[in-house]
Amino acid sequence: MLKGLFLQYDQKIDRQTRIIMYLVLFLLVSAIPYIFCRIFPSPPASLLSMAFFMLFVFVCMLQRRLSSDVNGLFAIVSFQCCIWVLFAICHGDSSYITRIMYLITSFVAISCLCNREKGLILFLKFYNNFILVMAICGAIAFVLSIVGLLSPIFEYENVDGRTGYCLGLTCTNAIFGNIIRYSGFFDEPGAMAFWGVFALIFNRLFFKNTKYEVALIVCLLFTFSMAFYIQLVFYILFFYVNLKKVKNAFLISLLLAIIGGGIYLTKDTEFDLYKYTFGRFEVDSSTGKFVGDNRSDLMELAKVEFLKAPWLGVGAQNIEKRELYIADNPYETLANDGIIGTFNIYLPLLVIMLYGLRRNKNIFYGALILAMGYLQRPFHVNIIHPMMLYMLFVMTMNNKKYNNRQI
């Protein structure tokens, strides 16, 4: 039944490659936005990153070589680090040093993968499968919760202070009676959807497994993320609405229409899924905003801070010291780091977009969809952000090479 659903490996993975893959996965899941560090005792993310940095440097020294696949990435990382050094000096802000540590750790970890035969693409298949497992378990947990067969096992506190609930198969911070918005093992449903879209883009550009794609799309629908629904519309428009793929477009549209129709039928019932999906796009007459809009107020606050120092921002720690919450909106990075800092943050994604615009429209479309996600969930100082963007960068810059590999 599951044959062909998960991304397959056409070769046996040697032990050294497998160890590196597990180490990189552990580095990713040990920090926010994953919730394991909120459940189990763990050292600060910066110290953990430094420990992994030294470990990966040791691995690279044993391998005694650096893959040419990361040459372009080395230039990007060097430029970004130089900019953050200047920001650290200008703002007197040590958090920019933490950013540098994350960037360098990501670079060294990816170098270790690239030094192994097909190591990077093997890891991405492994990680994409990990994302799909979380999505499937989350969708199952949603159904079991609806019928009253699943309830929280224990509670924990997220970084933002909100209560999280572990249901075994998944976690969430959003429970409404018997209805849950699953978040996998991320800190919130929106994060599950955001990184699920990354997995969809990797699959679409490099792996091209239709069964995987459909399964992940259907499961991510139950995160009830507005941003995901918007990205999904553009995903279908960019990758399916053309004459060559009209059959696939019709089948996916039919499937989504059936799911959408079923959700609409629950409106005003005991299991009102409409309220948490399409209902979020209705306009609240009292405010004039979408019902599901929880970003516009934050955006206004962040915009005020941005206008104080548009080029260099007011500095990340200066915002924290004032206990001013301006995250998760398009002005977040502009307020913290200004126009120059925001350009530096998204430099890998901008280069990918330019490359796609000149060489491969599908790469451009994929990067554009990711950029839409960053508008509502901007780049945060977590190891997962540079790691995923850098992997996409390396895969893109070596697009012909990786697409010709049969793995």
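This text follows the structure it describes.
One structure accompanies this document, and this report is about it. Remember, it's a predicted structure, so these values are computed and weren't measured experimentally.

Criteria and thresholds
Residues numbered from 1 in each chain as written. Predicted model: local features only at pLDDT ≥ 70, side-chain atom pairs only at ≥ 80, totals over all residues. Heavy atoms only, no water. Helix = DSSP H or I, 4+ residues; strand = E, 2+ residues; numbered from the N terminus. Buried < 20%, exposed > 50% of the residue type's maximum accessible area, 1.4 Å probe, protein only. Contact = heavy atoms within 4.5 Å. Areas by Shrake-Rupley, 256 points an atom, 1.4 Å probe, with all protein chains shown as cover. Pairing = 2+ DSSP bridges. 1 Å grid on protein atoms, 1.4 Å probe; cavity = no way out; pocket = protein on both sides within 12 Å on 5 of 7 lines; lining within 4 Å. Points joined across faces, edges and corners; volume = space filled by probe spheres on them. Expected span 1.5 Å × (residues − 1).

Our next topic: the overall build of the chain. Looking only at helices and strands, one finds 17 helices and seven strands in the chain. Sorting the 407 residues of the chain into buried and exposed places 54% on the buried side. Considering only residue pairs separated by 6 or more positions, the chain has 71% of its internal contacts joining residues 24 or more positions apart. In the structure as shown, the chain presents an accessible area of about 19,100 Å², 65% of it carried by carbon and sulfur atoms.

Once that is clear, we can look at the sheet that holds strand S3 (residues 171-172). The three strands are arranged S1-S2-S3 in an open sheet whose pairing can be described as antiparallel. Taken across any chain shown, the strands that pair with only one partner, and hence form the sheet edges, are strand S1 (154-157) and S3. The pairing of S1 with strand S2 (residues 163-166) spans four bridges and is classified as antiparallel. Bridged to Tyr156 within S2 is Gly164.

This part covers empty space enclosed by the protein. Taken as a whole and assessed by the stated rule, the structure comprises two cavities of 30 Å³ or more. Approximately 130 Å³ is the volume attributed to the largest cavity. For the largest cavity, the lining is made up of 16 residues, of which Trp84, Arg99, Leu103, Phe379 and Pro386 are closest to its centre. Only helix H4 (71-91), helix H5 (95-115), helix H13 (332-345) and helix H16 (384-397) provide two or more residues apiece to the lining of the largest cavity. The dominant element in the lining of the largest cavity, judged by the number of residues it contributes, is H16, at four residues.

What follows is about helix H6 (residues 119-146). Under the 1.5 Å per step criterion, the end-to-end length of H6 is 41 Å for 28 residues, consistent within 8% with the ideal 40 Å. Most of H6 sits out of view: 20 of its 28 residues are buried. Gly148 occupies a position one or two residues after H6 and carries a positive phi of about 80°.

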